[in-house]
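Spelled out from the first residue to the last, the chains are:
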Amino acid sequence: GSYQFAIAGAFVPFVGCLQVVLQPVVQPIAQLLDRLLPEDDDDGMKYSRAELRAVLQLHGRAHPSEHNELDSNHPDSLGSESEVEIVLSPLEVKLINNIFGLKEKKVWELPYLRLDTCLQASS
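Residues numbered from 1 in each chain as written. Predicted model: local features only at pLDDT ≥ 70, side-chain atom pairs only at ≥ 80, totals over all residues. Heavy atoms only, no water.

Chemist: Now, about the overall build of the protein: what can you tell me, with residues and values included?
Modeler: Counting its regular elements, the protein contains three helices and zero strands. Counting from the amino terminus, helix and strand elements in the protein follow one another as α-α-α. Residues counted as buried form 6% of the 123 residues belonging to the protein. If you take every contact in the protein between residues at least 6 apart in sequence, the share linking residues at least 24 apart comes to 68%. (Helix = DSSP H or I, 4+ residues; strand = E, 2+ residues; numbered from the N terminus. Buried < 20%, exposed > 50% of the residue type's maximum accessible area, 1.4 Å probe, protein only. Contact = heavy atoms within 4.5 Å.)

In structure tokens:
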């Protein structure tokens, strides 16, 4: 409602006090869990980046099935998901490929706009 921030603000001191009071209990538990549970790393990944890129390229090159538009007069107009082929547009493929490539790029390699070519709104 309209009083969300006022109510949340009223609880800030209470939550701060809880953090201070419960710190001696929570800290040892957190340290114990850190020692017992292994850290998440990329070794548990199901697919490599190369495999994901290959799948992405396959979906980008796929063609829509015969029933790419649902025809209300067609008896199979509500076909199963296996009949409806989801195809990524070239723009989507390019966007996802660029996201995969961000890990290998340096900041200075990224394209940028010069400030003098940007439009600024007046205040």
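Chemist: I'd like a description of the packing of aromatic side chains, backed by residues and values.
Modeler: Overall, the coordinates contain one aromatic pair when judged by the stated rule. Taken together, a centroid distance of 6.4 Å and an interplanar angle of 70° make the contact between Phe11 and Phe14 edge-to-face. With Phe11 and Phe14 both in helix 1 (residues 4-36) and three residues apart, this pair spans about one turn of that helix. On the basis of relative accessible area, Phe14 is assigned to the partly exposed category, the value being 48%. (Phe/Tyr/Trp six-rings, centres within 6.5 Å; stacked < 30°, edge-to-face > 60°.)

Chemist: Could you give an account of the environment of Val93, naming the residues involved and the relevant values?
Modeler: Along the chain, Val93 falls in helix 3 (residues 90-101). For Val93, a relative accessible area of 10% gives the class buried. For the pair Val93 and His59, spaced 34 residues apart in sequence, the C-alpha separation works out to 8.3 Å. Residue contacts for Val93: discarding those within four places in its chain leaves Leu56, Gln57, Gly60 and Leu88.

Chemist: Tell me about the confidence of the model for the protein, and name the residues and values.
Modeler: Scored by pLDDT, the protein comes out at a mean of 75, with 72% of its residues at no less than 70. Taken element by element, the predicted model of the protein shows its lowest mean pLDDT in helix 2 (residues 49-61) (79) and its highest in helix 1 (94). Contacts of residues 64-84 to residues separated by more than four positions or lying in other chains number eight contacts, the stretch itself having pLDDT below 50. (pLDDT = per-residue confidence, 0-100.)

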